[in-house]
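Reading the structure
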Amino acid sequence: MKLVRFGPAGAEKPGLIDGAGTVRDLSGHVADIGATALVPERLAALAALAHDDLPVVREPGRLGACITRPGKIIGIGLNYHDHARETGAEAPSEPISFTKAASSLCGPDDDILQPVGSEKLDWEVELGVVIGARARRVAEAEALEYVAGYCVVDDVSERSWQKDRGGQWMKGKSYDTFCPVGPWLVTADEVADPQALALWTELNGERVQNGTTAEMIFGVRELVSYLSRFMTLEPGDLIATGTPAGVGMGMSPPRYLVSGDRLRLGVEGLGVQSHAIVAEETG
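Residues numbered from 1 in each chain as written. Predicted model: local features only at pLDDT ≥ 70, side-chain atom pairs only at ≥ 80, totals over all residues. Heavy atoms only, no water.

Quick word on the overall build of the chain
For the chain, the count of helices and strands is five helices and 18 strands. For the chain, the C-alpha radius of gyration of 18 Å lies close to 19 Å, the compact-globule estimate for 283 residues. Each principal axis of the C-alpha atoms in the chain carries an extent, and together these give about 55 × 45 × 30 Å. Counting across all 283 residues of the chain, residues that qualify as buried make up 54%. Long-range pairs, those at least 24 residues apart, make up 75% of the contacts in the chain between residues at least 6 apart in sequence. Carbon together with sulfur atoms contributes 48% to the accessible area of the chain, which is approximately 11,900 Å² in total. Put simply, the chain has 26 plus and 40 minus side-chain charges, and the middle of one group is 3 Å from the middle of the other. (Helix = DSSP H or I, 4+ residues; strand = E, 2+ residues; numbered from the N terminus. Rg over C-alpha atoms; globule rule 2.2 N^0.38 Å. Buried < 20%, exposed > 50% of the residue type's maximum accessible area, 1.4 Å probe, protein only. Contact = heavy atoms within 4.5 Å. Areas by Shrake-Rupley, 256 points an atom, 1.4 Å probe, with all protein chains shown as cover. Lys, Arg positive; Asp, Glu negative; His and termini not counted. Charge placed at Lys NZ, Arg CZ, Asp CG, Glu CD.)

Okay, here's the thing in structure tokens:
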């Protein structure tokens, strides 16, 4: 299934995309696309519905983030061989994990804010992994059984806040609109191999990232298993699995987002995001 959330920010309704590409309303069957809806038995019940009999949403308008606010957003740093090289860093021996504030979540076509004082606003297309079952110390061989589905994530980053202001990466990763998610949550049964997906970014029509999840240093199985050793992963939690080469920080000279830029990014089979960069108003 391709699950979506449609409607104004803060008032989204759950839906799915049928075989003809039409949005169907799921609000008669589930309150939202979140922890309760993403456990295996609820996903199976949604899959078993007669999708062609669900109400058609003739004008869905805005798509929100494809999941409601998660309990945890966990990012993985330097997880592509080519991205580590472009930043001048050695490939890590263990996954580098950090958190993003849940308040950074936004829709796949929402404007991305350039915060007041931002100097180095950057993009990162990533494969998002959404957890569907409680995972605690799970074996790597079983790890994909705990995944509800996959989505596109843009791990928007303010590099000067991330790198030049001391402390951990979180404050450079967590501003409002710094985590666009969607357009769809594609359930795990429709993704044959999460390590065989193309992903890309275009800035003002220019292709700047063009990678594949095959280049991940730590794949999805390993990440889910690894993280579950240090924390309990719960239904609805989101893992942003890292980005390939082509971020602005890695260019020579570096290139960063400014108000008026247009950003498009996508992951094979998971849809496309499109954003305007908008300067935040002072005051």
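As for the sheet that holds strand S17 (residues 262–267)
Spatial ordering of the open sheet is given by S7-S18-S17-S14-S15, a layout of five strands whose pairing is mixed. The two strands at the open ends of the sheet, each matched to only one other strand, are strand S7 (112–114) and strand S15 (206–212). In this sheet, adjacent strand axes meet at a mean angle of 20° when their direction is disregarded. Relative to strand S18 (residues 271–279), S17 runs antiparallel, the two being bridged by six bridges. Residue pairing across strands places Leu-263 opposite His-275, the latter belonging to S18. (Pairing = 2+ DSSP bridges. Axes fitted to C-alpha atoms, helices over the stretch in contact; angles between N-to-C directions.)

With respect to the pairing of strand S2 (residues 13–17)
Most of S2 sits inside the fold, with four of its five residues counted as buried. Across five bridges, the pairing between strand S1 (residues 2–6) and S2 is antiparallel. Counted as the bridge partner of Val-4 is Gly-15 from S2. Connecting the antiparallel pair S1 and S2 is a turn made up of six residues, with Gly-7 showing a positive phi of about 120°. Inspection of the sheet shows S2 paired to strand S3 (residues 23–25) by three bridges, in the antiparallel sense. What sits directly across from Ile-17, in S3, is Val-23. Here S2 hands over to S3 after five residues, with Gly-21 in that stretch at a positive phi of 85°.

Overview of the pairing of strand S4 (residues 73–77)
Consecutive side chains along a regular strand alternate between the two faces of the sheet. Of all five residues in S4, five are buried; the element is thus mostly enclosed. What you see with S4 is no split at all: Ile-73, Gly-75 and Gly-77 on one side and Ile-74 and Ile-76 on the other are buried throughout. Of the strand pairs in this sheet, S4 and strand S16 (residues 238–240) are connected by three bridges, and their pairing is parallel. Note on S16: the bridge partner recorded for Ile-74 is Ile-239. Bridge count for S4 against strand S5 (residues 96–99) is four bridges, and the pairing is antiparallel. Considered in S5, the bridge of Ile-74 is made with Thr-99.

Some remarks on the sheet that holds strand S10 (residues 147–154)
Pairing is mixed across the open sheet formed by nine strands, whose spatial order is S3-S2-S1-S13-S10-S9-S16-S4-S5. Two strands lie at the open edges of the sheet, namely S3 and S5, each paired on one side alone. Each adjacent strand pair in this sheet contributes to an overall mean axis angle of 30°, direction not counted. Across the face of the sheet, helix H5 (residues 220–227) comes into contact with S4, S5, strand S9 (125–131), S10 and S16 while running at roughly 55° to S9.

Looking at the side chain of Asp-154
Within the element layout of this structure, Asp-154 appears in strand S10. Although buried, Asp-154 forms no salt bridge, and the nearest oppositely charged side chain, Lys-100, lies 7.4 Å from it. Here the side chain of Asp-154 touches Glu-124 through a polar contact of 3.0 Å, landing on its backbone nitrogen. If near-sequence neighbours (up to four positions away) are discounted, Asp-154 is found in contact with Ile-112, Trp-123, Glu-124, Val-125, Phe-178, Cys-179, Pro-180, Leu-263, Leu-265 and Gln-273. (Salt bridge = Lys/Arg side-chain N within 4 Å of Asp/Glu carboxyl O. Polar contact = N/O pair within 3.5 Å; in protein donor to acceptor, adjacent residues only side chain to side chain.)

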